[in-house]
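# Descriptive structure summary
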Amino acid sequence: MYRLYLAGWQSYQHRIGAGVGNLQALRKVLSAQHPQTGFKQVCPGFNSNAQMRSVHGGVHTFESMLVGRKSEARRSILVQVSSERSFSELDAYCAQFGTVTSSHHYRVGGTCSGYGDDEADCHYIVVEFEKPESADAAIRSAVFNEEKPGVRARSIFLWFRAGPRAKLQVASGKSKSTNESKLTNVDASRTIDDKELRNLLLSAENAEDQIKILHQATCLNDVGKRLRFLAVRQMETSLQGMFPQAVAYPFGSSVNGFGKMGCDLDLILDLDSESSLVQNSNSRLVFHTKASNSNERTQVQRYLESIGDVLQLFLPGVNSVRRILKARVPIIKYHHEHLDLEIDLTMNNMTGVYMSELLYLFGQIDPRVQPLTFCVRRWAQSVGLTNHAPGYWITNFSLTMLVMYFLQQLQEPILPPINKLIQSASKTDLRITENHISCSFLRDVQKLNFSTKNTTPLDELLLQFFEFYSHFDFNQRAISLNIGSHILKPDHSPMYIVNPLETVLNVSKNVNLEETELFRIQVRNALWLLDTHEKSTRTSGEDWGLISLFGNKIKDRITPQMFFTKRLVNVKDILDDAGGDNDSAPVEYKNQTVKSQISHIQKSTREEISKLGGGKNGPPSSFANGGPMKMKRNAKRR
């Protein structure tokens, strides 16, 4: 949303001489700046009222959302231009192929070799036509770049070169662009920085508005979704020549409703999506097929290795291909320079898609779910609970599960148990993965027999979230979203969250004991911060609300270093008699025999250390003479 905020923020500042006064004023500014899309389209699901919409309102199913986005990408092309000022010329040129329904500009920082300026940003415009045939016609009219050697490959990624500005004749039966040379979005992929976000949060009316602003300022916007589905289309079209049934399924944060701007795109590739369909038994012609390896994992590794070569050698915009084939789930990572996007590609793991669908449905049940989850994730990032690299710390997925479980535990629950979705499923909702895992649950929340009378505002829910987990017994209890209650832990994992689809797995198995304790410490610390930095401190100029949680207030925070510190021990302190140190009290032994035994142990230990110190590979003399020796060292968490 707030990459659109740029123009609105500046014009509004000039008008009132200050930051945005409240959320309603910001709504008016953005609506005025972007009349084509409007505030609700730019920020879907926004509701400034305390009254919450019903789950039976107009919502899309996960599958209909995917179909709509893929259809949108099918009608679109991506054109690199010199700047957004090239739009009017590009718009007029594209009008000869058909009606242009929308155009979206964004930029990618870095080198832009196509226009001679090595330090300029690259500018792109996504052009969406009314019909897919228009996009096909535009692609067919394109020519290949003769200035750069390489394999000529057709794709939806084009660049708009300089040319004569003669008046173009619009083809018969084709209408002109309906945009009237106006970009729907400008610089729409820009992420808001911390300073801008802080100013927005300070200008909010209350803590609930802060949570909503945070969500809309950081969530994946319409253009971000368009770019990701263009990457999906490129993957499918590049392989469908040989594999007509190849389908790429996006999953994860890009499609589950909890993605933020700049998030990676996760893809699952299925080369034979229609293998389960019944074929025509009357046909006597059968395709020859190469036999596959009996070891499915080995076969997937070979497939991904070959696909990685295709990505690296032939697909425009793809670079930095990394093959991680020995991992538990073989994967290919690559970067798309035109989309400024990191992409992870795997195969035969449809459970991830169905998990994304489940989270998407939870986000559709109540409009408070996504903003609250975004707030908790941002808080966890600011206090160092999460990290981009994999490790033994809690992940965003685990945090999302904790938020969902909390919303199930309220006296008036906001979310139902997953088993209620499973019990409400019909035959059309039946899904079985390649590993024979049942992922059957109700796909349409409008058919869900669940409603809540809970109207608790977001700021109060956030406070209750911290209070709930400050008292939760992670030592004995495991969290199960399926039954909406806790169970006894099946093993000794410090934190146990039952995987909703593969119930024998622990979502948070990677989290170690120290990180679990750190989570417990930080939720209690958050309670203290919210209590001591209430809205009343706003009048005194101090941080309040979310800013008190996200600000750099290290002195106010309880950190693990207070409890987990490096311990140094001096060998001399161990071996020398305590009585020999004038600053220490003499040691009293139980009897003479114990004193003699300890003296013998000290003497023999000194002799062994002396031998080590005098050897060729022995330790330095300072060690042998009782220098400091580090007995235990806690590695840095990051």
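Residues numbered from 1 in each chain as written. Predicted model: local features only at pLDDT ≥ 70, side-chain atom pairs only at ≥ 80, totals over all residues. Heavy atoms only, no water.

### Some thoughts on the overall build of the protein
For the protein, the count of helices and strands is 20 helices and 13 strands. Relative to its full complement of 638 residues, the protein shows a buried share of 46%. Across the protein, contacts joining residues at least 24 apart in sequence account for 69% of those joining residues at least 6 apart. By element, 50% of the accessible surface of the protein is carried by carbon and sulfur atoms, the whole surface being about 34100 Å². (Helix = DSSP H or I, 4+ residues; strand = E, 2+ residues; numbered from the N terminus. Buried < 20%, exposed > 50% of the residue type's maximum accessible area, 1.4 Å probe, protein only. Contact = heavy atoms within 4.5 Å. Areas by Shrake-Rupley, 256 points an atom, 1.4 Å probe, with all protein chains shown as cover.)

### Regarding the pairing of strand β10 (residues 477-480)
As paired elements, β10 and strand β11 (residues 485-488) share four bridges and run antiparallel to each other. Directly across from Ser 480, in β11, lies its bridge partner Ser 485. In sequence, β10 turns back onto β11 through a hairpin of four residues, with Gly 484 there showing a positive phi of about 70°. (Pairing = 2+ DSSP bridges.)

### Here's the deal with helix α15 (residues 458-470)
The first and last C-alpha atoms of α15 sit 18 Å apart over 13 residues, in line with the 18 Å expected at 1.5 Å per residue. Residues of α15 that are buried: Leu 458, Leu 461, Leu 462, Phe 465, Phe 466, Tyr 469 and Ser 470. Summarising the contacts, the buried residues of α15 are in contact with α8 (207-218), α12 (369-382), α13 (396-409), β10, α16 (513-532) and α17 (546-550). (Expected span 1.5 Å × (residues − 1).)

### Looking at the pattern of salt bridges
Scanning the model with the defined rule gives 20 salt bridges in all. Residue Arg 226 pairs with Glu 72 through a salt bridge whose shortest N-O separation is 3.3 Å. Placement of Arg 226 in helix α9 (residues 222-239) and of Glu 72 in helix α4 (residues 62-74) is noted, with a sequence separation of 154 residues between them. Arg 226 sits in the buried class, given a relative accessible area of 8%. For Glu 72, a relative accessible area of 13% translates into the label buried. The salt bridge partner of Glu 196 is Arg 190, with a shortest N-O separation of 2.9 Å. A residue is classified by how much of its surface remains accessible, and Arg 190, at 23% relative accessible area, is partly exposed. Connected via shared salt-bridge partners are Arg 69, Glu 72, Arg 75, Glu 128, Asp 222 and Arg 226. (Salt bridge = Lys/Arg side-chain N within 4 Å of Asp/Glu carboxyl O.)

### Describing the environment of Asp 309
With respect to the secondary-structure elements, Asp 309 resides in helix α10 (residues 296-314). On the basis of relative accessibility, which here comes to 36%, the residue Asp 309 falls in the partly exposed class. Considered as a pair, Asp 309 and Arg 323 are 14 residues apart in the sequence and their alpha carbons are 9.7 Å apart. Within the local environment of Asp 309, its side chain forms a polar contact with the side chain of Arg 323, the two groups lying 2.6 Å apart. (Polar contact = N/O pair within 3.5 Å; in protein donor to acceptor, adjacent residues only side chain to side chain.)

### Some remarks on the packing of α12 against α13
Remark: α12 packs on α13, axes separated minimally by 10 Å, with the N-to-C direction vectors making an angle of 135°. Accordingly, the angle class assigned to the pair α12 and α13 is oblique. In this structure, α12 crosses over α13, and the sense of that crossing is right-handed. Contacts from Val 369, Leu 372, Thr 373, Val 376, Arg 377 and Ala 380 in α12 reach Asn 396, Phe 397, Leu 399, Thr 400, Val 403, Met 404, Phe 406 and Leu 407 in α13. Of the residues contributing to the contact of α12 with α13, the split by class is ten nonpolar, three polar and one charged. (Axes fitted to C-alpha atoms, helices over the stretch in contact; angles between N-to-C directions. Parallel < 35°, antiparallel > 145°, perpendicular 65-115°, else oblique. Left-handed = near helix turned anticlockwise from the far one by under 90°. Nonpolar A, V, L, I, M, F, W, Y, C, P; charged D, E, K, R; others polar.)

### Examining the confidence of the model for the protein
Summary statistics for the protein give a mean pLDDT of 80 and a share of 75% for residues scoring 70 or more. In the predicted structure, residues 553-557 sits below a pLDDT of 50 and forms 15 contacts with residues beyond four places in sequence or in another chain. Counted against residues more than four places away or in other chains, residues 616-638, with its pLDDT under 50, gives 41 contacts. (pLDDT = per-residue confidence, 0-100.)

### Some remarks on the packing of aromatic side chains
By the definition in use, this model includes 20 aromatic pairs. By way of ring pairs, the aromatic residues Trp 379, Tyr 405, Phe 406, Phe 465, Phe 466, Phe 468, Tyr 469, Phe 472, Phe 474 and Phe 519 are connected into one cluster. Its guanidinium or amino end placed over the ring of Phe 441, Arg 443 lies 3.9 Å from that ring's centre, counting from NZ or CZ. The cationic tip of Arg 477 hangs over the ring face of Phe 472; the distance from NZ or CZ to the ring centre is 5.8 Å. (Phe/Tyr/Trp six-rings, centres within 6.5 Å; stacked < 30°, edge-to-face > 60°. Lys NZ or Arg CZ within 6 Å of the ring centre and 35° of its normal.)

### Some details on the sheet that holds strand β6 (residues 265-270)
The strand order β5-β6-β9-β8-β7 describes an open sheet built from five strands, whose pairing is mixed. Strands with a single pairing partner mark the edges of an open sheet, and in this sheet they are β5 (247-251) and β7 (318-324). Taken over all neighbouring pairs, the strand axes of this sheet differ in orientation by 25° on average, direction set aside. As defined by bridge partners, strand β8 (residues 331-336) adjoins strand β9 (residues 341-347) across five bridges and the pair is classed as antiparallel. Following the sheet pairing, His 336 is matched in β9 by Leu 341.

### Here we look at the pairing of β8
Within β8, five of the six residues are buried, which leaves the element mostly enclosed by the surrounding structure. Judged from the five bridges that link them, β7 and β8 form a sheet pairing that is antiparallel. Looking at the pairing, Arg 322 lines up with Lys 333 of β8. Between β7 and β8, which pair antiparallel one after the other, the connecting turn spans six residues.

### Comments concerning a nonpolar patch on the surface
On the surface, a nonpolar cluster with roughly 320 Å² of combined accessible area is contributed by Val 151, Leu 313 and Phe 314. Locating Val 151 in the fold gives a position in the loop between α6 (132-141) and β4 (157-159). What makes Val 151 exposed here is its relative accessible area of 60%. (Patch = residues over 30% accessible without salt bridge, like charges linked within 9 Å, V, L, I, M, F, W, Y side chains within 5 Å.)

### Observations regarding the packing of α8 against α12
Where α8 meets α12, the closest approach of the two axes is 9 Å, and the angle between their N-to-C directions is 85°. Judged on the interaxial angle alone, α12 and α8 are roughly perpendicular. Residues Ile 211, Leu 214, His 215 and Thr 218 of α8 lie in contact with α12, whose contacting residues are Gln 370, Pro 371, Leu 372, Phe 374, Cys 375 and Arg 378. In the contact of α8 with α12, the residues fall into six nonpolar, three polar and one charged.

### Looking at the nonpolar core
Counting 138 residues, the largest nonpolar core has Leu 311, Tyr 334, Trp 379, Tyr 469, Phe 519 and Leu 549 as the members making the most contacts within it. Sort the elements by how many residues they give to this core and helix α11 (residues 351-365) lands first, with nine residues. Filtering out sequence-adjacent residues up to four positions away, Trp 379 remains in contact with Leu 385, Phe 466, Phe 519, Gln 522, Val 523, Ala 526, Leu 549 and Phe 550. (Core = buried A, V, L, I, M, F, W, Y, C linked by side-chain atoms within 4.5 Å.)

### Let's talk about the environment of Tyr 303
For Tyr 303, the location among the structural elements is in helix α10. Among the residues examined, Tyr 303 registers a relative accessible area of 34% and is labelled partly exposed. Spatially, the C-alpha atoms of Tyr 303 and Leu 271 are 9.8 Å apart, while their sequence positions differ by 32 residues. Dropping the residues within four chain positions of it, Tyr 303 is found in contact with Ser 292 and Met 347.

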